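A look at the structure
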Amino acid sequence: MVEVSTLRVHDAPARKERPGARPTGTPIDLPARTANLFVVLKVTHACNMGCTYCSAEKDFTKVPILTAEGGSRVIDALADLGLGSYSVCFHGGEPLLGLPAIQETVAYAQERYPDIDFRFSMQSNLVRMTDAIAAWCQERRVSVGFSIDGNAPVNDLLRIFHNGRGTTEATLAGLSILQRYQPRTGCVAVIGSHNWDKMRDFVGFLGEHDVTQIALNRLAPVGRALRGYQVNAPTDEQYVTCLRDSYFAMVESGFAVKVKPIVDWARKIVNPLSQSHGCYQCGAGWSHISVDPVGNVYACDRFSFDPDWVSGNLNESSLLDIMNEQKMAACRTRTTRIPSCGTCAVRYVCGGSCAVTSYYLAGTIDVPGHECGSMRSFIPWLEQRLADHPAERAAIEAMMLGASPEAAFEAVAGTSGAMH
């Protein structure tokens, strides 16, 4: 595995200090794959949908919602950490339930810290999307992604409103509004027993709706999904089939549709030094953290709202101190305590799989995550695939250079670009 450098706050570019800010310059024990920290800001734990595999709360009155003051405190804490850039994703529950605080937080960051590169995004079910919201997102450069698991017959099996009605129609209506202002859109799909074998149709369905990127999340044993996990989760064999079908669909599109995390894995295969703020390798506690509406900080978004995994609170401690807390450090060094990871050929891509799923399935993060078996099968297949198909490898290399993967794929494939 490639060694990574230790990030220290005093290595960051100089910036103007906020009055009363904690002085920078203290080293942070944070092995970093990137100088960009990805922060999931949980606007609320409430949601206007009731997906059967999610842990979001139905009763809005039972959970806090982010305030403008709370959002500003997160921005200040990030600025005090001293990095040059941050990716901040507004998440939930459904983040649009707390839209005023989102707008105040973005305005505060962009106006108070113009020299810091804050890259804002939002993950929404789009049910509350309006022209006014979409126009504001365009103006403030807030990219919006959405969640959907397939076409209506598939998506409406598990992604439902609290009254049991399917959500596909409402989500697509919101997508139509969003795309007037943000032509390039991407979605997240949870992969379970309801859709693992329908990926080629799904990618085609997304193409019909001008969706250019899909991120696959294997159903995780967290929240309500724990109750029916054995029934609703795909087996390793099913998930590998899903991944292969998704890869072939991406190739069939000429890489016009990108499939994550397959693209992330391919980048690591082509260049093991490539970096991503995604979950591969697991970035819990070093390149990825989560903050809830009241300022509690967690090593991973999937740990959010679990009191056993709070590493500190921004109202009481600096983010620098919180990120050196024991649970954070334990996530960063996890693979050194998993014997099977030490000898695994795909560790450089997988990084031990998901620490959170390890914890909820086995009671400890010190075992491989729920994707271990599928990764051991799929990554060698992907390595061989890229070795045998130069046009596909060229497309991945083009992505890494910021060039058009479609053009690179077509140029190398020529008239023999058909899959085998």
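First things first, this report covers the structure right here in the doc. (Residues numbered from 1 in each chain as written. Predicted model: local features only at pLDDT ≥ 70, side-chain atom pairs only at ≥ 80, totals over all residues. Heavy atoms only, no water.)

Residue placement: His 288 occurs in strand β10 (residues 288-291). Of note is the side chain of His 288, whose polar atom sits 3.2 Å from the backbone nitrogen of Asp 301. (Helix = DSSP H or I, 4+ residues; strand = E, 2+ residues; numbered from the N terminus. Polar contact = N/O pair within 3.5 Å; in protein donor to acceptor, adjacent residues only side chain to side chain.)

With omega at 15°, the peptide bond leading from Gly 92 into Gly 93 counts as cis. Notably, Asp 210 is not glycine yet its phi reads approximately 60°, a positive angle. Inspection of the secondary structure puts Asp 210 in the loop between α6 (199-208) and β8 (211-218). With a phi close to 70°, Phe 255 is a non-glycine residue in the positive phi region. Within the fold, Phe 255 resides in the loop between α8 (236-252) and β9 (258-260).

With that out of the way, let us pick up the packing of helix α1 (residues 68-81) against helix α2 (residues 99-112). At a closest axis distance of 8 Å, the pairing of α1 and α2 adopts a crossing angle of 35°. Crossing hand, α1 versus α2: right-handed. Facing Ala 68, Gly 71, Ser 72, Ile 75 and Asp 76 of α1, the residues of α2 in contact are Ala 101, Glu 104, Thr 105, Tyr 108 and Ala 109. Residues that form the contact of α1 with α2 fall into these classes: five nonpolar, three polar and two charged. (Axes fitted to C-alpha atoms, helices over the stretch in contact; angles between N-to-C directions. Left-handed = near helix turned anticlockwise from the far one by under 90°. Contact = heavy atoms within 4.5 Å. Nonpolar A, V, L, I, M, F, W, Y, C, P; charged D, E, K, R; others polar.)

As a further point, take α2. The end-to-end C-alpha distance of α2 is 20 Å, a good match for the 20 Å that 14 residues give at a rise of 1.5 Å each. Close packing links the buried residues of α2 with α1, β4 (85-91), β5 (117-124), α3 (131-140) and β6 (142-147). (Expected span 1.5 Å × (residues − 1).)

What follows is about α1. In this model, α1 (14 residues) spans 20 Å end to end at C-alpha, consistent with the 20 Å of a helix rising 1.5 Å per residue. The buried count for α1 comes to 11 of 14 residues, which makes it a mostly enclosed element. Of the residues flanking the end of α1, it is Gly 82, one or two places downstream, whose phi is positive at about 95°. (Buried < 20%, exposed > 50% of the residue type's maximum accessible area, 1.4 Å probe, protein only.)

With respect to the helices and strands, the residue Ala 101 is situated in helix α2. In the structure, Ala 101 is positioned 31 residues away from Gly 70 in sequence and 8.3 Å away in space, judged by C-alpha atoms. Residues in contact with Ala 101, not counting those within four places in the same chain, are Leu 66, Thr 67 and Ala 68.

A few words now on the sheet that holds strand β11 (residues 296-298). Strand order in the open sheet formed by 10 strands is β9-β8-β7-β6-β5-β4-β3-β10-β11-β12, with mixed pairing between adjacent strands. The open sheet terminates on both sides in strands that have one partner only, identified here as β9 and β12 (312-313). Bridge count between β8 and β9: three bridges; the pairing is parallel. Looking at β9, one finds that Gln 213 is bridged to Lys 258. (Pairing = 2+ DSSP bridges.)

Its location among the elements puts Val 346 in the loop between α12 (339-342) and α13 (347-350). According to the relative accessible area criterion, Val 346 is buried, its value standing at 5%. Distance in space between the C-alpha atoms of Val 346 and Arg 376 is 6.6 Å, their sequence separation being 30 residues. Sequence-distant contacts of Val 346, defined by excluding residues within four places in its chain, comprise Met 375, Arg 376, Ile 379 and Pro 380.

Let us look at the nonpolar core. Ranked by size, the top nonpolar core spans 110 residues in total, and within it Phe 118, Ile 214 and Leu 382 carry the most contacts. What Phe 118 contacts, discounting residues up to four positions off in sequence, is Ile 75, Leu 78, Tyr 86, Val 88, Ala 109 and Tyr 113. Listed in part, the 12 residues of the second largest apolar core include Met 49, Val 190, Leu 219 and Ala 225. (Core = buried A, V, L, I, M, F, W, Y, C linked by side-chain atoms within 4.5 Å.)

Below, the discussion takes up the environment of Leu 99. Here Leu 99 is to be found in helix α2. Accessibility expressed as a relative area gives 13% for Leu 99, which makes it buried.

Once that is clear, we can look at the pairing of β5. Taken across its eight residues, β5 has six buried, putting it largely inside the fold. One ladder, built from six bridges, connects β4 with β5; its direction is parallel. Of the residues in β5, the one forming a bridge with Tyr 86 is Phe 118. Note on the crossover from β4 through α2 to β5: the handedness is right-handed. In terms of strand pairing, β5 meets β6 through five bridges, oriented parallel. Residue pairing in the sheet places Phe 120 in a bridge with Val 142 of β6. (Right-handed = clockwise from strand over helix to strand, strands pointing away.)

Overall, the coordinates contain 16 aromatic pairs when judged by the stated rule. A centroid spacing of 6.3 Å and a plane angle of 65° characterise the contact between Tyr 247 and Phe 248, whose relative ring orientation is edge-to-face. Like Phe 248, Tyr 247 is buried. With a centroid separation of 6.0 Å and 75° between ring planes, the pair formed by Phe 303 and Tyr 359 is classed as edge-to-face. Note that Phe 303 is positioned in the loop between β11 and β12 and Tyr 359 in helix α14 (residues 355-362), a separation of 56 residues in sequence. Given the relative accessible area of 0%, Phe 303 is considered buried. Through pairs of rings, three or more aromatic residues link up here, namely Tyr 86, Phe 90, Tyr 108, Tyr 113, Phe 118 and Phe 120. Over the ring of Tyr 113 we find Arg 112; its NZ or CZ atom is 4.8 Å from the centre of that ring. (Phe/Tyr/Trp six-rings, centres within 6.5 Å; stacked < 30°, edge-to-face > 60°. Lys NZ or Arg CZ within 6 Å of the ring centre and 35° of its normal.)

For the rest of this paragraph, the subject is the packing of helix α16 (residues 390-400) against helix α17 (residues 405-413). As a packed pair, α16 and α17 sit with axes 8 Å apart at the nearest point and diverge in direction by 155°. With respect to α17, the axis of α16 lies roughly antiparallel. Once α16 is placed against α17, the crossing between them reads as right-handed. Along the contact surface, α16 presents Pro 390, Ala 391, Glu 392, Ala 394, Ala 395, Ala 398 and Met 399, while α17 presents Pro 405, Ala 408, Phe 409, Val 412 and Ala 413. (Parallel < 35°, antiparallel > 145°, perpendicular 65-115°, else oblique.)

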